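Coordinate inspection notes
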Amino acid sequence: MTEEIAIEFANVTKRYGSAVAVDAITLSIAKGELVTFLGPSGCGKTTSLRLIAGLELPTSGVVQIAGRDVSQRAASERNVGMVFQSYALFPHMNVLENVSYGPMIRGVAKAKARAHAYEILEQIGLKGLDMRLPSELSGGQQQRVAVARAIVQQPDVLLFDEPLSNVDAKLRRKVRGEIRELQKRFGLTAVYVTHDQEEALAVSDRIVVMQAGRIAQIGTPRDLYERPASSFVADFIGDANLISGQVTAGRFRAADLDVPLAGPDGAAQISLRPERIILSAGEGAPSGRVRSCTYLGSHWEYEIETGFAELLASRPMSEAPIAPGTAVTLTIPETAPIRVTDI
Amino acid sequence: MTPEELRDSRAARERLSWLVLLALAVLVLPWHQSLPAESAPIIPSALGLAAEGRGWLWPVVLALPLLVWASFKGAGGRLFLGVALAAFAVLLVQGFTVGLRGPAFDWLTILFPVAGQGQTGLGWGGFASGIALLGLIAHALALRGFCRGDRFSASAVVFIVALLGLFVFYPILRLALAAFVGPDGEVALGPFLTRLFAPEIWRLDCLTGGRRCGVVINSLVLGLLAATICTALGLALALIVARTSFRFKQTLRALSILPIITPPFVVGVAIIVLFGRTGLITGWGAEIFDIRPTRWVYGLSGILMAQVLAFTPITFLVLLGTVEAINPTLEEASQTLGAGPVKTFFKVTWPLLRPGLAAAFLLAFIESLADFGNPIVLGGGYEVLSTRIFFAVVGARYDLGNAATLAMILLTLTLVAFWLQQRWLGRKSYVTVTGKSDAGLASTLPFGLKGVAWAAVIPFVAFTIGVYAVVLLGGFVHDIGRWDLTPTFAHLRTAFDFEVNASGLQLYGSAWNSMQTTLLVSAIAAPLTTLIGIMTAWLVARQDFAGRNAFEFGTMLSFAIPGTVVGVSYVAAFNVPPVDITGTAAILVICFVFRNMPVGMRAGLAAFAQIDRSMEEASQTMGAGGAATLRRVVLPLVKPAVFTALVYSFVTAMTAVSAVIFLVSARHNMATAYIMGRVEAGEYALAITYSTVLMIVMIICIVLIQLMVGARRLGRRREFQGQKAPAE
Ligand SMILES: Nc1ncnc2c1ncn2[C@@H]1O[C@H](COP(=O)(O)OP(=O)(O)OP(=O)(O)O)[C@@H](O)[C@H]1O
Ligand SMILES: [Mg+2]
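Residues numbered from 1 in each chain as written. Chains lettered and ligands numbered in written order. Predicted model: local features only at pLDDT ≥ 70, side-chain atom pairs only at ≥ 80, totals over all residues. Heavy atoms only, no water.

Naming follows an unreviewed UniProt entry, where chain B appears as Iron ABC transporter permease of Roseinatronobacter alkalisoli. In its Sequence similarities (unreviewed entry) section, the UniProt entry covering chain B states "Belongs to the binding-protein-dependent transport system permease family." Listed in UniProt under the heading Subcellular location (unreviewed entry), the comment for chain B reads: "Cell membrane". (UniProt positions renumbered as here; feature names shortened; annotations may be inferred.)

Labelled according to an unreviewed UniProt entry, chain A appears under the name ABC transporter ATP-binding protein, originating from Roseinatronobacter alkalisoli.

Next up, the structure:
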C-alpha cells in the first residue's frame, strides 16, 4: 500500500477481568478513509473505538496513530476527536464555549480559539446559535455541535460511536450524508461505529465486521455484500440463504440443487442472496413450493420450501405475484452462490 | 508543536519538577524536625547528615542520582519505577528503624555509632522527599498505563492511598501495637491479655445485684437501649410525617439538622439544668408531687436521654427514606385482596420496613458507642468505653496500653455493627421504588397505630423544645442553672468581649482564642475534606485501576472508626518519629479531613451516578488531562455535592469533640474543648452562651458557603442529553 497509514492495530487485546472484549485484532486504516465497525451488540465495537481514543488502554498489543505508538498514552495526549452517542455536550457551557473548549485547553489564546470555533460553527450551519446552552438546542443541532467540537482541532482521526442513534429515522439519512460529506471535505480519517448495516453500507469506504471481539471480515461495502467470507458476514449484511451441501468436481449439490462452484471438493456451505433467486411457476429442478408471498411495497418477499432449505426470495414489483401453494422452479444464476466458511 | 511532542515535553517537565523537589529535599532542606544540639551539622539535609556519620541516610541520598540516571534510560521503563519504589521503601525503613532513642536493632549502632543518638521526627526534607518519591512513582505508573495513562489521576490515586495509609491505617496499627506494649516497653502478648480480660471491662456485677458493671457491658447496654428507643421514635416520626396528613413535614425535616449543628455538651448541660438536683423540672416535681430531688440524671438515664435527643433525627431520616420508598401499589394490592389496614400494615408494610429498621438501629448503635460528649457530662459514675479511654490518656493515670486495648474493643464492636449494617443495606434493594411511584396513594396509618405513634412523639417533641429553649435562653440570663432569669449579656462579655480603640481591635473575651483556632482550622479543613472526598469519589466512580474496590472499602471503613479511637490512635502514632506532629494545628486539620472525607465521598458518588461519564471522556479527547477535566467539567456539574460536603465538613469540624479532645494543645485549643472545660468547672451559662454563638456562626457560614458555591447553570429545559434526569 502506498497511502499513508493513519491507525494501526497490531494484535490488540482488551480484557475486562476474565472477559475478552477485543481479541487480538490486527487492522490498519489509511489516511482519509472512513472505516466502519459493524457487528452485533457486545461484539467489541465501542471498545475498539475507545482503544483508538485512549479511553481504554490495551491489555496487550500495540496501537499506532499517525505512525506513533500510543498504546500507553492517555486520551488527552492523543490527537483524536470523538462524537459520543449521547453527544456529551457540556451542559454548563454554551455552544461557543463547548466548541472552543478543546483549542483553549490545548493552549490556544481565547480570542483565537473563539474565532476558530465561529468559523467551524458557520461551516457546519450553526451560525447564530453560539450563545445557546445545549439544553436549548434540538437533537439534530446538538449532534452538529458535537461534530463541530470534535473537528475543530483538526484531529488525526475522528471517531463516531453510533452518532445517529438519537436522531429520528427520517433525519438519519440526511445527517449521515452530511457526516460523510464533511469527512471528505476536511480530508479526515474517520472511524464510525454502528450496528445498523444499511448505515454502514451507505457511509463507509471500508467496513470491519466484528464478531465476539474478533474481526470476521474487512472489505468495501460491495466486497462484503457480494463476497462474504463467512456465513456470519453473509447473514449479518443483508439477508442470506445459507445452504449446506457437497462439492464434487466443481459442482455444489444439495438435494435437487446443482450449481457450479469453484474450490475444493467436500462438504461446503453457500450463501444465496434472496434477490438473486428467479422464480417461475411450474415443475422443474430445483423445485420448490411457495409458502408465503408478502407485499413489502418495494418488492415481493417469498418464503419457499425446497428439498434443501427454507429459502427467502425477493422479486421486483414489476413481476406478477405467485400465489402461496404454487409449485415453482428456481433459476439460480451461475455467479449467485458464494462459498462461505461456516461461522 | 504536535500534541505528541507537547505531551512528551509536559511529561518531561513534570518529571523534572519532581526530581528537583527530591534534590531540594535530600540536599538542602533540613531532614529532621530538630537535632540534638551537640551534633548539629552544617547542612542539616540528608546529605549533610549522611556525611557526618548518619550513614543510614545514604540510600535516600543516592536515590537521586540513580533516579536521574534511570530517567534517561526511559521513565516508562521498569527500572525507573523500581528505583523509585525502592527509594520510597528505604525512606520508610530508615524512619521506622531509627527512632528517638536509637535504632531498633543493635547491629545498626555497630554499623553507624551515631545511630545511638536516635533521630527526631521527619522535617521538611523528609516529608518533601516522601512526596517527591510518591510523585515519581505515580508518574512512572501512569507512563506504564496506570489510570489509562492519565498522570493526574495516577498521582491522585497514589497520594490519596498514601494519605489514607498514613492518617487512617497507620495510626490504627500503632494503636493495636500499643495494646501489646508492656510497662517496660516490651511487646508481648501477656500485657495485652491482662488488659483485655481485666474485670473492670467485663464485670457483670450490676446484674447480680453488685455495684457496677464493666465498661464494655455499660457501653453495650447504653448502645442497645439508645438504639432501640431512637429507632422506635424515628419510626413513629417517619410514619407520622409520611403516612398522616401532618402539615409540618418540611419543618420537621429542617429541624432534624439541629442536632448536627448543636455543639456537644450543650444538650447534656440543658438536661442537667432541667432535671438535675436543683433543676427546674425537679423543682416542680418536689413542689407539686413532693418527689425528693436526687441525682438520678447522672448515669445511664441521663446519657440515654441526651443520646435519644441527638440520634433520633438520624434514625428518622433513614426511616423516612424507607417509608417513602415503599411502593404504595403493594399496599393497595393487599387492600384490594381484602386485608384490612391493620393486617396490611403488619403483613405488607412491616416486612418492607425491616431492613430500614435494622439499618437505623445499627446506625444509632454505632453513634451511641462512639459518643463521648454526653457520657462525659452526664455519666457520673457510669463509665463507658469512650470516657474510660479518654481518662486513660488524659487523666492522672496515663496508660496508653490500656487506652489502646479499650480502643481496640470499641473499634471491633463498631466495625461489627458497621459490617452488619452494610449487609442489611445491601439486601434492602427490594424496598426501593421502581422508577417513579405509580399513581397510587400511600395508605394512611391504622388508627390505633397512629395513637401509639403520637403518644411516643409528643413527649419527645416537648422534651426537645424544652432542651433547646434552655439552650437559647441560657446564654442571656443571669444564671439558668439556678433558674435566675434576669436578662444579662454578662456571659457573652466574658466570652467575647472586645473593644475597638486607637490601637485597633482588641479582643478581651476568654473564648476568642479557641474561637479563632476553631474557625481557622474548620475553614482550612472543610475545603480540603471536600476536595479529597470528591476526588476520591471521582477516582472510584470513573477511574479504572487495580485495587479500586479495596480502595473504596478502605475509605468507607475509615468512616466507621469512632472518634475516640481516632484520637487515641493519633496520640499513639504521631507523638513519636518518624511523623511527629502532635501539638500542631496541622494535626487538627488532618484529623478532621480524614474523619469527614467519607461524607464528601458519598455525596460525590451519588452525584457522579447521575452524570454521564462521556462528558468527562469528551473533555479528555479534547486534550484536557484529569486536573483540567475535574476543574472545568466535573466540579461545575457536582456543585450540590460540593456544597453538601463543604457544609458537613465545616460543621463537623466546628462541633466535633471525640477525636480532637486528644489533640488540642494550649496553643491550639478548640471551641469544643474550651466548652468542655467550662462544663467541668460548672460554668454552665458560659458553656451555653458559647454554644449559641457557635451555632449562629455556623448558620452564617453555611449561608456564605451557599453563596460562594453558587448554583449550577444548566439551562432552561430541565432535561438534556448530557445528564440523566435527576432521580426524584
Ligand atoms: N467496563 C467494562 N467492564 C467489563 N466488561 C465490559 C466493559 N465494557 C465493555 N465490556 C464488555 O465487552 C464486550 C464488548 O463491549 P462493547 O461495548 O465494545 O460492545 P459493542 O460492540 O459496542 O456493543 P453495542 O452495540 O451494544 O454498543 C461486551 O461483552 C461488554 O459486556
Ligand atoms: Mg457500543
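A separate point is the interface of chain A and chain B. Contact with chain A, which involves 41 residues of that partner, is made by 41 residues of chain B. Three residues stand out in chain A for area buried against chain B, namely E77, H92 and S135 of chain A, and they jointly supply 17% of the buried area on that side. Counting every contact that joins chain A to chain B gives 10 residue pairs in polar contact (both at pLDDT 80 or more). Every element with two or more residues in the side of chain A that touches chain B is listed here: α1 (45-53), β6 (80-83), α2 (95-105) and α4 (139-151) of chain A. Per-element accounting of the side of chain A that touches chain B gives the leading share, five residues, to α2 of chain A. (Contact = heavy atoms within 4.5 Å. Buried area = accessible area lost by both parts, 1.4 Å probe. Polar contact = N/O pair within 3.5 Å; in protein donor to acceptor, adjacent residues only side chain to side chain. Helix = DSSP H or I, 4+ residues; strand = E, 2+ residues; numbered from the N terminus.)

With that settled, the discussion passes to the nonpolar core. All names here are of chain B. One finds I271, V467 and Y570 to be the most contacted residues of the largest nonpolar core, which totals 225 residues. Leave out the neighbours within four places in its chain, and Y570 touches F167, P171, N575, I587, I590, C591, F594 and L663. Core analysis: the next-biggest nonpolar cluster, separate from the first, contains 37 residues, W31, V61, A84 and V98 among them. (Core = buried A, V, L, I, M, F, W, Y, C linked by side-chain atoms within 4.5 Å. Buried < 20%, exposed > 50% of the residue type's maximum accessible area, 1.4 Å probe, protein only.)

Attention now moves to the confidence of the model for chain B. Residue and element names in this part refer to chain B. The predicted model of chain B has a mean per-residue pLDDT of 83, with 92% of residues at 70 or higher. Ranking the elements of chain B by mean pLDDT puts strand β2 (residues 102-103) last with 72 and helix α6 (residues 124-143) first with 94. Segment residues 716-728 is flagged for pLDDT under 50; beyond a separation of four residues in sequence, or across chains, it makes 26 contacts in the model. Taken together, the chains of this predicted complex give a pTM of 0.85 and an interface ipTM of 0.87. (pLDDT = per-residue confidence, 0-100.)

What follows covers the UniProt feature "domain: ABC transmembrane type-1" (unreviewed entry) in chain B. Residues and elements named next belong to chain B. Look at the UniProt record and you will see "domain: ABC transmembrane type-1" (unreviewed entry) annotated at residues 216-421 and 515-705. Across residues 216-421 one finds 79% helix and 0% strand; the C-alpha atoms that close the span lie 21 Å apart. As annotated, residues 515-705 has a helix share of 76% and a strand share of 0%, and its two end C-alpha atoms lie 19 Å apart.

Let us now look at the sheet that holds strand β12 (residues 251-254) of chain A. Residues and elements named next belong to chain A. The five strands lie next to each other as β13-β12-β11-β14-β20, forming an open sheet whose pairing is antiparallel. Every other strand in the sheet has two partners, leaving β13 (257-260) and β20 (338-340) as the edge strands with one partner each. Direction aside, neighbouring strands of the sheet carry axes that sit 45 degrees apart on average. Sheet topology note: the strand β11 (residues 241-248)/β12 ladder contains three bridges and is antiparallel. Note that in β12 the partner of T248 across the bridge is R251. (Pairing = 2+ DSSP bridges. Axes fitted to C-alpha atoms, helices over the stretch in contact; angles between N-to-C directions.)

This part covers the domain arrangement of chain B. Residues and elements named next belong to chain B. When cut into domains, chain B gives domain 1 (3-144), domain 2 (200-485) and domain 3 (494-499 + 501-709). Placing a centre on the C-alpha atoms of domain 1 and another on those of domain 3 gives a separation of 31 Å. In this complex, domain 1 contributes nine residues to the contact, which on the side of domain 3 involves four residues. In total, about 580 Å² of surface goes out of reach between domain 1 and domain 3, with carbon and sulfur atoms giving 67% of it. There are zero salt bridges connecting domain 1 and domain 3. Put simply, domain 1 and domain 3 have two residue pairs in polar contact (both at pLDDT 80 or more) between them. Here the residues of the side of domain 1 that touches domain 3 are counted per class, giving four nonpolar, five polar and no charged. (Domains from an automatic or database assignment. Salt bridge = Lys/Arg side-chain N within 4 Å of Asp/Glu carboxyl O. Nonpolar A, V, L, I, M, F, W, Y, C, P; charged D, E, K, R; others polar.)

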